[in-house]
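Now for the letters of each chain:
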Amino acid sequence: MDILSLFVVVPILTMVGILFTKGLKGTRTVAAVGMGVQLVMAFNLLYQYFAERAKDTVSEMLFRVDYLWFESFNIHYSVGVDGIAVAMILLTSIVVFAGIFSSWKTEDLPREFFIALLLLASGVFGFFISIDLFTMFLFYELAVIPMYLLIGLWGSGNKEYSAMKLTLMLMGGSALLILGLLGLYFNSAPDGGALTFNILEIAKVSIPHDVQMFFFPFLFVGFGVLGALFPFHTWSPDGHASAPTAVSMLHAGVLMKLGGYGCFRVAMYLLPDAAQEMGWLFLILTTVSIVYGAFGAIAQKDLKYINAYSSVSHCGMVIFALLMMNKTAMDGAILQMISHGLMTALFFALIGMIYGRTHTRNIYEMGGLMRIMPFISVAYVIAGLASLGLPGLSGFVAEMTIFVGSFQHQDVFHRVCTILACSAIVVTAVYILRVVGILLFGPVRNKEFETLPDAKWYEKVSMVTLIIAIVAIGVAPLWLSDMIRESLTPIVDKLTAAAIN
Amino acid sequence: MDFTYTLAIILLPLVTFLTIGLLDKSMPNKLAGVLGTASIGTSFLLACYTAYQYFFVYGMVDGVYQKIIAYHITWLKFTDTLHIDLGVILDPISVMMLLVVTTVSLMVHIYSNGYMHGERGFNKFFSFLSLFSFSMLGLVVATNLFQMYIFWELVGVSSFLLIGYYYEKPSAVAASKKAFITTRFADLGFLIGILLLSWYTGTFDFVQLTQTSAIGTLESPAIATMGGISFMGLSVISWALILIFMGGAGKSAMFPLHIWLPDAMEGPTPVSALIHAATMVVAGVFLVARLFPIYAIAAPDALTVVMWVGAFSSLFAAIIACTQYDIKRVLAFSTMSQIGYMMLALGVSKYGGENGLGFTASMFHLTTHAMFKALLFLGAGSIIHAVHSNSMLDMGGLRKYMPITFITFGIAWLAICGFPGLSGFFSKDEILVAAMQNNTPVFIIAVVVAGLTAFYMSRLFFSVFFGKETKYHHTPHESPKTMTIPLMVLAFFAIFAGYIPFSKFVTSDGAAFATHFHWNVAIPVTLIAFIGMGIAYVLYFKESTIPTKVTKALKGVYTTIYNKFYIDEIYLFVTKKILFNIVARSIAWFDRHVIDATMNGFATVTNYVSNSIKGLQSGQVQKYGLVFLMGALTFALIFIYLVTK
Amino acid sequence: MIEGIELQHILIVTTLMFFIGVYGFLVRRNLITILMASELILNSVSINFVVFNKYLYPDALQGYMFAIFVIAIAAAEAAVAIAIIINVYRRFKSVNVENVHEMKY
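Description of the structure in this document. Computed from a predicted model, the values in this text were never measured in an experiment.

Rules and cut-offs
Residues numbered from 1 in each chain as written. Chains lettered and ligands numbered in written order. Predicted model: local features only at pLDDT ≥ 70, side-chain atom pairs only at ≥ 80, totals over all residues. Contact = placed C-beta atoms within 7 Å. Helix = DSSP H or I, 4+ residues; strand = E, 2+ residues; numbered from the N terminus. Expected span 1.5 Å × (residues − 1). Buried ≥ 20, exposed ≤ 12 C-beta atoms within 10 Å, placed from the backbone.

Attention now goes to the arrangement of the chains. Summarising the chain contacts, two pairs of chains touch, and the pair with the most contacts is chains A and B. One finds no contact linking chain A with chain C; the least C-alpha distance across the pair is 20 Å.

Right under this line is the structure:
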């Protein structure tokens, strides 16, 4: 078995293992072990990747494996990773690992819960390693569908509505996506020859301008829906609010990243002319979504809603930076994906813990939690500071790379947008500090909360894993940033060439 | 010469922060206190050694103090030319700041051992203090704009954590939030300024940015280009520097971004002494000083802005300070006013040689002010510790109970008033001379402020230590040794810091020049200060009814000033009413009721349509059969028709 | 060749049978009657198969084979249908199709 396919196989094996367990204890142990192995494998992959690059391997994708899967349509199971995919895999395994520990006490139907969770995980991993558009789409769907069950069954509040809304909106995105993908497929060989779904091969051909202009919106919006692109973001607040903790973590932390990843890996890489020409339109949308999400978060009372809107703002930043189409900004976009994935997962984990204790998510009903549960509260402050871009934590690195990169754009319009986007850092500070001030500081509002316990060991595992990752990226970002920059070269080259035309 | 060891000055507090912070409760309080103090003490000694090495051993090359990059690594790469480096730069101002910061920080650490004794969050407090020291030291040795921005944010957050130290007190929480958000807003300007500057020049590096040629022009050609492009009447470089100054104004509490400073006094008093009097709030001054060659040579417009903002803030704050009753708030406004002084001095300065007197004066005043203002705050802390109140109305006649505090506070009082022979006298004199030589209106403002300063400080001093005999619940007693020793050390500096020949060390272009004492400025200004003190003596030395009468007579004016010209209320109106209630609420509403409703609308329409056509699927096979039959017949007829035609 | 009877006559009969079946299938509400109606349709078709075979291709056997197939399947179908009808009757105490609409949309 090759090193990449293992990332899909291990979750599946873990799922099979769970079938043979009884009760919560066995299930969660198997899941934790499986994902622990996955985490180790992710670090091993990182190590292997650096080793390979140190040998001056210049190919765009490493660890390539290719099997013919469906001959008549030339569909392959084709995997390979570059630095960006490695980074995303690392992020995913960290978040999934933390997510397993956050759902340590899933009392009802634990087996089914963990199986669905792992199915989602294997879909995400499969997405990131795929090079073939068709298998990529397959894994994408595999990641999206279990969400329906996870929210609908184990969620809280208005869960049926939210599950339905989320799934339908994402399916709507998928519908656009499959059209776009088929468009790519049927134009993948303009000079005759075999049609292909392989990204690397499509990237080599130049798709006619009109075709690009026609299919770009399909692909970009299709992925953009998952990346919470304004105005297709409204599944996010409801979906997150109803989802169980681990699902919110995975969804905001990882799944929303599929959108951003797809936007540049498929839409922009394969249709560069259209990206250059239509970029401004989406740039306006993302600029709106950055500021709009941040302001939206100020007015919320529910912890999860605050975070969902903040995710809209932060994920808007990802697509915003991608659309700047230069190396620095795109580097920042990917850093932002990772950074946002980690801190938002931490946020949702913490919200889950707080909700599990106080049984409310309304910030005005809580207060003074710092004294009652110091560990959780300190972690919340750290997550908050990461979110508002404090140096030394991951958010700063990402945001600054985005701002500096975006400002390098020659066009004045793009720089004006950058300045507008910068203003979000102030608004972010406002909503983060508002929550911290109301929720954690101040006197204890509800006397019944006085006796609530602080974090248990498994919760600490979950928090500490994420915090270490956040701090590690925040303190030493150069390796990650360099790895991503290097891998962005072919994509940026294509976009630059398109700009000259 | 190898200066790599200077890295230890910065890293020691970081290590201490991590150690105390991670061990937290499992570490005994005493140990945490000692550890924190020892590490900053070591930093202080190293800073002294560095200063000695830099000024006396390494000395000047070609008559100019060099900028030495003692250490640097690339931390993050943006493009080939733009990268964030972390490093240590040694030049006269950074070495001076290293000394100032470590001195005050050490004194505050020692003091806190006594002041915070028995507090529940003792360890937390020390770890935050270390975090702050680390950030501040990292800021002053920054080799590039972005490193400065990084540590700029870090001091901001340490300030936030320390102001909100009493996190169960709602006012403290509100104050910390206000401080962070206000400075954050200012930092937005700073960030955009950095982006603009770096876009044109392609570098963040201070050395490259401020490199000047022999004839006193900037070597960076890009800056000249920036000077050529104009936007709304000012050149781009001026805009960039004004935006950067906005960041400085936020940190240094300059009008109109000063609103957070008085509230920041909610933090423990040692914090106010360290962060909100001596070190962090002068970061803005330091920032302007750091970029001074660009300001002075390429963007005189921006420097004019600095000058007027400084002058106005100093007058504005001095007026408010005359009416406040909270001892710490008086000191806070006094700080704002004195920082305005420093800004003003920078603003009137020119680049190079004796024309750079304002620059030297500003740095000089920064140093002396750090000493006597820290002393004032620590003294105030000692008083608050004894009286358990912040209000001057609860104090009076304390000289009998607290002799050491009384004497040291008195020294600081005289120093800030500009009493001849003490440190404040010399530094203020230089500022006034610089102002007089360059700009008469600003000079007049500065003189007025000097008089006002003498008045409100004397008012504070007299009403606390003399004035009415107050009955205390507990008889106030002198503070413990850990608190009085720092007072005495700082008092020593407050007296003698003025005798340092500053123009020999810290100048705008690195070359030493000689300053002359200007009797024509010193004598009248000293007289004005004495008048201020005299008025305060009459009004406050003994209990008297005159102040009440004066306030009654000037009722409207007095209330306006007492309420700080209602600036806070204006801010509150804009943020709470407009931004929160109108903008944020309406966006939230819009999102739920327009965008989300549209999405829900699609679902509703789909539902409606399917509901209205579902009757066709009656489930009755017979109906289907009929329809089928009819369909088949229809097609058959059409077919037959077509065929037969 | 069946003596004295022309092909058209037989076809008229089967057509009548077919449409009587269709009519019954569409309008009757009793499940048993519907079943009977559908049998009529099937039988009319079977007769057609046989008759066409006889008149047009006297040497071939496909028509007869088909008719036998239809009869066999009709028998099986009737068995299943009646089993269902009995179950429906047990559950609803009725064999009227209009009363049986549980699985409607």
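Turning next to helix α1 (residues 6-23) of chain B. All names here are of chain B. Relative to the 26 Å expected for 18 residues at 1.5 Å per residue, α1 spans 27 Å between its end C-alpha atoms, a close match to the ideal helical length. Thr-6, Ile-9, Ile-10, Leu-12, Pro-13, Thr-16, Phe-17 and Ile-20 are the residues of α1 that are buried. Check the buried side of α1 and you find it contacts α2 (29-58), β3 (68-77), β4 (83-90), α3 (92-115) and α4 (122-140). Within two residues after α1, Asp-24 carries a phi angle of roughly 40 degrees, on the positive side.

Attention shifts here to unusual backbone geometry. In the segment running from Phe-230 of chain A into Pro-231 of chain A, the intervening peptide bond is cis, with an omega of 0 degrees. Examined against the element boundaries, Pro-231 of chain A turns out to sit in the loop between α8 (209-226) and α9 (235-242). In this structure, Pro-256 of chain B follows Phe-255 of chain B across a cis peptide bond, with omega equal to 0 degrees. Tracing the sequence through the fold places Pro-256 of chain B in the loop between α9 (236-251) and α10 (260-263). Non-glycine residue Ala-253 of chain B carries a positive phi angle of around 55 degrees. Within the element layout of this structure, Ala-253 of chain B appears in the loop between α9 and α10. When the 30 C-beta atoms within 10 Å are taken as the criterion, Ala-253 of chain B is described as buried. Positive phi is not limited to glycine here, since His-388 of chain B has a value of about 60 degrees. Among the structural elements, His-388 of chain B can be located in the loop between α16 (357-387) and α17 (403-417). His-388 of chain B sits in the exposed class, given 12 other C-beta atoms within 10 Å.

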